[in-house]
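Structure assessment
What follows is the residue order along each chain.
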Amino acid sequence: MTSTLTQLPFEYYSLPLCPPANGTIHYKPKNLGEILRGDRIVNTPYEVQMATPTNCRLLCNKPDTPVTWDGEQSGIVSERIQHSYYIHLLVDNLPCAMRYEMLDTGKPQYEHGYRLGFVEDDNVYINNHLRLILKYHTEDGVHFRVVGFEVETKSVSLSDLQFDGQTCKFPEKHKKQEVNSQGATHLQFTYEVDWEESKVRWASRWDTYLAMSDVQIHWFSIINSVIVVFFLSGILTMIIVRTLRRDIARYNKDDDLEEALEETGWKLVHGDVFRPPQYSKLFAAVIGTGIQIFCMSLITIFFAMLGMLSPASRGALMTAAIFLYVFSGLIAGYLSARLYRTLRGVQWKKAAFSTATLYPAVVFGSCFFLEFFYLGTAFVRCCSVHSDDISVVHMVWDFSSISLSGLLFWIP
């Protein structure tokens with residue numbers, strides 16, 4: 001469950017939604033990338049059979065026993081809807097998408113997941129009816145493969161639902177299911193399944209998702225960062241230009257020889273370029289860390305361009321980036337060591353430790369700060385990185401990155 005307005009993901013069952021029929025919740029095993037992304041793939045009560053359509057049916061509970069949320073639960077759901085949270089369902093490792101048409105061109109476009117609900121006239125409504133549109137491809141009419149997964153949502157009031165056993169129906173023009181954030185909410189969850197044959201082959205089923213416009217781009221943050229960078233760069237440029245213009249004007253004056261021989265302004269530091277910096281260990285660590293991150297990013301992008309990091313392998317991109325960062329410690333250790341020796345440094349052990357721990361310390365410190373900031377919230381309880389997962393990452397870093405950086409520091 002993710003949102004375009006906030007960076008906090010939540011687990012599917014962090015909301016009082018319908019549990020599986022047997023009441024047992026199973027979590028899919030995760031790789032390192034999924035752990036750090038906060039992905040929690042879990043089973044749901046939706047029942048789908050290959051190439052078998054299903055008419056409207058009840059998802060959980062009985063027709064005469066609706067799902068009831070108290071005031072606190074309704075408030076949480078209402079808050080998630082107001083923050084534009086999306087739910088991401090999976091079928092055969094294929095994520096769901098919502099289809100809509102562009103107003104200016106009329107071309108179909110897709111967005112990841114489906115909306116939990118919507119807000120109209122200051123009222124909050126939940127999408128409690130799903131139409132699952134599954135597309136399949138077959139060559140011989142016997143073997144089928146899922147090549148597409150779309151979801152259409154509706155908000156149907158409990159008063160408009162009519163049941164016949166576990167099946168249901170509702171009028172075309174129906175009331176919407178409102179979420180009462182100040183009190184109890186009574187509703188039912190329903191769904192239907194439709195199958196459509198598609199000419200898309202199995203190897204091309206991810207093309208639709210790769211062509212999507214990324215709804216997770218936080219344009220405000222990007223524009224704000226760009227403006228701040230340009231603003232600070234402009235201020236710095238103005239200060240440098242004014243300083244140099246004043247100094248050059250002073251040097252061009254026809255003063256006497258004694259004043260001409262006297263160096264002022266920026267000329268006083270022209271010889272300091274050959275002087276070792278005061279904090280040479282920190283300087284070497286920053287340079288080595290930057291090169292390490294650059295090599296990791298370059299190699300990761302190269303393999304992604306070759307198609308070796310498939311989107312079907314969830315977390316593969318981040319997992320590859322982490323291991324490439326660890327093994328790039330060889331390059332960082334060597335270049336940082338060469339620079340530190342050039343600066344006539346003698347404390348190579350401390351410099352090696354600084355190179356290996358500078359960037360990870362900033363990352364771990366930021367993560368612990370965020371964990372502390374959101375301590376006690378549902379985010380930490382369900383989707384934050386657990387202590388055992390942090391221990392695994394820490395062990396990989398301890399026995400690989402630090403060792404490789406220290407080895408290359410010792411070799412030169």
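Residues numbered from 1 in each chain as written. Predicted model: local features only at pLDDT ≥ 70, side-chain atom pairs only at ≥ 80, totals over all residues. Heavy atoms only, no water.

**Some details on the nonpolar core**
- Counting 44 residues, the largest nonpolar core has Tyr-46, Leu-89, Tyr-114, Ile-126, Leu-132, Phe-149 and Phe-189 as the members making the most contacts within it.
- The element best represented in this core is strand 12 (residues 129-138), accounting for four residues.
- Leaving out residues up to four positions away in the same chain, Leu-132 has contacts with Tyr-46, Val-48, Leu-89, Phe-149, Glu-150, Val-151, Tyr-191, Glu-192, Val-193 and Asp-194.
- Counting residues in hydrophobic clusters, the runner-up holds five residues, among them Cys-56, Leu-161, Cys-168 and Phe-170. (Core = buried A, V, L, I, M, F, W, Y, C linked by side-chain atoms within 4.5 Å. Buried < 20%, exposed > 50% of the residue type's maximum accessible area, 1.4 Å probe, protein only. Helix = DSSP H or I, 4+ residues; strand = E, 2+ residues; numbered from the N terminus. Contact = heavy atoms within 4.5 Å.)

**So, the pattern of salt bridges**
- Tallied over the full model, the rule gives seven salt bridges.
- Between Glu-47 and Arg-57 there is a salt bridge whose closest N-O contact spans 3.9 Å. One end of the pair, Glu-47, is in the loop between helix 1 (32-37) and strand 2 (54-58); the other, Arg-57, is in strand 2, and ten residues separate them in sequence.
- Overall, Glu-47 belongs to the partly exposed group, its relative accessible area being 46%.
- By relative accessible area, Arg-57 is classed as partly exposed at 26%.
- The closest approach of N and O atoms between Glu-152 and Arg-131, which form a salt bridge, is 3.0 Å. Residue Glu-152 is found in strand 13 (residues 144-154), and its partner Arg-131 is found in strand 12; the two are separated by 21 residues along the sequence.
- One salt-bridge network, held together by shared partners, links Arg-131, Glu-152 and Asp-194. (Salt bridge = Lys/Arg side-chain N within 4 Å of Asp/Glu carboxyl O.)

**Some remarks on the confidence of the model for the protein**
- Scored by pLDDT, the protein comes out at a mean of 80, with 81% of its residues at no less than 70.
- In this model residues 378-382 is a low-confidence stretch, pLDDT under 50, and it forms 17 contacts with partners more than four residues away in sequence or in other chains. (pLDDT = per-residue confidence, 0-100.)

**Regarding a nonpolar patch on the surface**
- There is a patch of nonpolar side chains on the surface, built from Val-228, Phe-231, Leu-232, Ile-235 and Ile-239 and spanning about 470 Å² of accessible area.
- On the basis of relative accessibility, which here comes to 36%, the residue Ile-235 falls in the partly exposed class. (Patch = residues over 30% accessible without salt bridge, like charges linked within 9 Å, V, L, I, M, F, W, Y side chains within 5 Å. Areas by Shrake-Rupley, 256 points an atom, 1.4 Å probe, with all protein chains shown as cover.)

**Some remarks on the sheet that holds strand 9 (residues 114-115)**
- The antiparallel open sheet is built from three strands, whose spatial order is 1-4-9. Looking at strand neighbours, the two that pair on one side only are strand 1 (2-3) and strand 9, the edges of this open sheet.
- Looking at chain direction, strand 4 (residues 85-87) and strand 9 are connected through two bridges and run antiparallel. Each bridged residue has a counterpart across the sheet, and for Ile-87 the counterpart in strand 9 is Tyr-114. (Pairing = 2+ DSSP bridges.)

**Description of the packing of helix 6 (residues 280-305) against helix 8 (residues 329-342)**
- Between helix 6 and helix 8, whose axes approach to 8 Å, the crossing angle comes to 150 degrees. For the element pair helix 6 / helix 8, the angle class is roughly antiparallel. Judged by the sense of rotation from one axis to the other, the crossing of helix 6 with helix 8 is right-handed. Only Gly-329, Ile-331, Ala-332, Leu-335, Ser-336, Leu-339 and Tyr-340 of helix 8 make contact with helix 6, whose side of the interface consists of Ser-280, Lys-281, Phe-283, Ala-284, Ala-285, Ile-287, Gly-288, Ile-291, Gln-292 and Cys-295. (Axes fitted to C-alpha atoms, helices over the stretch in contact; angles between N-to-C directions. Parallel < 35°, antiparallel > 145°, perpendicular 65-115°, else oblique. Left-handed = near helix turned anticlockwise from the far one by under 90°.)

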